[in-house]
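Okay, here's what each chain looks like letter by letter:
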Amino acid sequence: MKLQEYINEMKPDFHRLYGEKYQFQPAQTEAHMDLTLNACTQYLQKLAMSGKVSELQQLATGGGSALAASSYYQELITTCTQSYYGLNWEQTKKEELAKEILAFILDGLKFRYQSGGYAQNTQGMMQFLGLDTGILGKMGGMFGRFFK
């Protein structure tokens, strides 16, 4: 999937913008972006498995403001900060890092999607993610709701 490629390409930019603020070396920046992304992915998969698809749709399509307004936002941030096992920071500083990483990744993906000229439909999303568009029928239009 191209998603990981996109995020890997963003890591140097995040470090350039925030590395000094958090006193990270480039490898530390990369590690914390990976930890955040993995924790976020696991949390979102948990939501999906518990049948909260409409909540996921709102998170995915509503942008940063919808994410922050979501009742699941604090749980997501907590999940991310719990993955920062190597940091002996106060919880509030860990939360600040998680919020900045998530916002940076979401903004970066949104920019790539829009600047890539992908169609605002399921096929465009599949192309953006690097998935075979032939599996669209098998997925039963799962992504179709994201473009209404």
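About the cut-offs
- Residues numbered from 1 in each chain as written.
- Predicted model: local features only at pLDDT ≥ 70, side-chain atom pairs only at ≥ 80, totals over all residues.
- Heavy atoms only, no water.
- Helix = DSSP H or I, 4+ residues; strand = E, 2+ residues; numbered from the N terminus.
- Buried < 20%, exposed > 50% of the residue type's maximum accessible area, 1.4 Å probe, protein only.
- Contact = heavy atoms within 4.5 Å.
- Areas by Shrake-Rupley, 256 points an atom, 1.4 Å probe, with all protein chains shown as cover.
- Axes fitted to C-alpha atoms, helices over the stretch in contact; angles between N-to-C directions.
- Parallel < 35°, antiparallel > 145°, perpendicular 65-115°, else oblique.
- Left-handed = near helix turned anticlockwise from the far one by under 90°.
- Nonpolar A, V, L, I, M, F, W, Y, C, P; charged D, E, K, R; others polar.

A. The overall build of the protein chain, seen in detail. A count of helices and strands for the protein chain gives seven helices and zero strands. Of the regular secondary structure in the protein chain, the N- to C-terminal order runs α-α-α-α-α-α-α. Looking at the protein chain as a whole, 33% of its 148 residues are labelled buried. Considering only residue pairs separated by 6 or more positions, the protein chain has 54% of its internal contacts joining residues 24 or more positions apart. Only carbon and sulfur atoms are counted for the fraction: they give 52% of the accessible area of the protein chain, which is about 8900 Å².

B. Here's a closer look at the packing of helix 2 (residues 26-49) against helix 5 (residues 73-82). Where helix 2 contacts helix 5, the two axes come as close as 8 Å, and the packing angle between them is 135°. In terms of their interaxial angle, helix 2 and helix 5 are classed as oblique. The two elements helix 2 and helix 5 meet at a crossing, and its hand is right-handed. Residues Thr 36, Ala 39, Cys 40 and Tyr 43 of helix 2 touch helix 5, and the partners they reach there are Glu 75, Leu 76, Thr 79 and Cys 80. Of the residues that constitute the contact of helix 2 with helix 5, the class distribution is five nonpolar, two polar and one charged.

C. Here's a closer look at the environment of Ala 98. Among the structural elements, Ala 98 can be located in helix 6 (residues 91-115). Placed 58 residues apart in sequence, Ala 98 and Cys 40 show a C-alpha to C-alpha distance of 9.7 Å. Once you skip the residues sitting within four places of it in the chain, Ala 98 turns out to touch Thr 36, Ile 77, Cys 80, Thr 81 and Tyr 84.

Nothing here speaks to function; it is all geometry.
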